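Analysis of the macromolecular model
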Amino acid sequence: IFRVDPQRFLTDDAIPLITPKFYQAGPLQTFTLTSDETGIVVPLTGGGINIYDVTTRELRDSFATQWSFHAVLSIAKSDDGILVAVGKDNGEIIVWNLDTKSKQVVIDAHTLSVTDIEFFPGTQDILSSSLDGSIKRWNASTGENLHTIQYNSEVQSLAITSDGQRFVCGVEEKLEIINAQSYVREWGASFENRIVEEVTISPSNDLLVIGIADLSIHNYEYYQEFMVEVWDMNT
């Protein structure tokens, strides 16, 4: 993990936040910060988490679980910083309570990989997406399933507006905006031969940033290119 100057985006000037000796072997898929932004929460293979101090880069706390080969692909924290949810490639979600330093709940959420996970602002509800084509809303304290939306295609990513009224999801070649109260589709767009792999929304809810993978075929050769687009949420 590196801290990079957002004005220059020069990786040569990036400051390492975690040195390799503190992190287990294997790819780092995702991470988040503690609510006070003094700690980096890093998921471990199997669903555990380590918390590193941003300033000293030292390991501050560790929440272990039984080791397995299942990688964590997504992570999110509640607004109050008490709960951290991790989504695994076997469809399982583990919610950690940082106050009690124990598992809050383990949810058998999806039949395939959890691609993204987000907390609804000001609540203990989480929204998860999966390669099994579903988006599900959960109570992160109890593990209760509150709502399910099922698609016929893989759901790659999702993001929730800061007021919790809408959420955006990338469903393979489609981008959709869903009302978080009625779960009705408000708007959508399609991208031929392009997969919506990442979505994020600005705190003001004005801008939508999407990461797209272009999966075109040119002269019978597979071609892949990644790009970022910024959309106006108001228009």
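Heads up: these notes are all about the structure in this document. (Residues numbered from 1 in each chain as written. Predicted model: local features only at pLDDT ≥ 70, side-chain atom pairs only at ≥ 80, totals over all residues. Heavy atoms only, no water.)

Within the chain, the secondary structure is distributed over zero helices and 23 strands. When burial is assessed residue by residue, the chain has 47% of its 235 residues classed as buried. A separation of at least 24 residues holds for 35% of the contacts in the chain among residues at least 6 apart in sequence. Accessible surface for the chain amounts to roughly 12400 Å². Of this, 49% is attributable to carbon and sulfur atoms. (Helix = DSSP H or I, 4+ residues; strand = E, 2+ residues; numbered from the N terminus. Buried < 20%, exposed > 50% of the residue type's maximum accessible area, 1.4 Å probe, protein only. Contact = heavy atoms within 4.5 Å. Areas by Shrake-Rupley, 256 points an atom, 1.4 Å probe, with all protein chains shown as cover.)

A separate point is the pairing of strand β7 (residues 72–77). Taken together, the five bridges between β7 and strand β8 (residues 83–88) define a ladder with antiparallel strand orientation. Pairing of A76 across the sheet is with A85, part of β8. Between β7 and β8, which pair antiparallel in sequence order, lie five residues; one of them, G81, sits at a positive phi of approximately 75 degrees. (Pairing = 2+ DSSP bridges.)

The next subject is the sheet that holds strand β23 (residues 225–232). The three strands lie next to each other as β19-β20-β23, forming an open sheet whose pairing is antiparallel. Across the chains shown, the open sheet's two edge strands, defined by having one partner strand only, are β19 (194–201) and β23. Adjacent strand axes in the sheet meet at a mean angle of 25 degrees when their direction is disregarded. Here seven bridges tie β19 to strand β20 (residues 207–214), and the two strands are oriented antiparallel to one another. (Axes fitted to C-alpha atoms, helices over the stretch in contact; angles between N-to-C directions.)

A few words on the pattern of salt bridges. A full pass over the atoms with the stated rule returns seven salt bridges. For D53, the salt bridge is made with R60, and the minimal N-O distance between the two is 3.6 Å. Given a relative accessible area of 18%, D53 falls into the buried group. Close ionic contact of E186 with R166 constitutes a salt bridge, the shortest N to O distance being 3.5 Å. One end of the pair, E186, is in strand β18 (residues 185–190); the other, R166, is in strand β16 (residues 166–171), with 20 residues separating them in the sequence. E186 sits in the partly exposed class, given a relative accessible area of 41%. (Salt bridge = Lys/Arg side-chain N within 4 Å of Asp/Glu carboxyl O.)

Our focus in this paragraph is the side chain of D125. Secondary-structure assignment places D125 in strand β12 (residues 125–130). A polar contact of 3.2 Å, which involves the side chain of D125, links it to the side chain of R137. In contact with D125, not counting residues within four places along its chain, are E118, F119, F120, R137, W138, N139 and L146. (Polar contact = N/O pair within 3.5 Å; in protein donor to acceptor, adjacent residues only side chain to side chain.)

It is worth spelling out a nonpolar patch on the surface at this point. Residues L207, V228 and V230 make up a contiguous nonpolar surface patch of about 280 Å² in total accessible area. Along the chain, V230 falls in strand β23. (Patch = residues over 30% accessible without salt bridge, like charges linked within 9 Å, V, L, I, M, F, W, Y side chains within 5 Å.)

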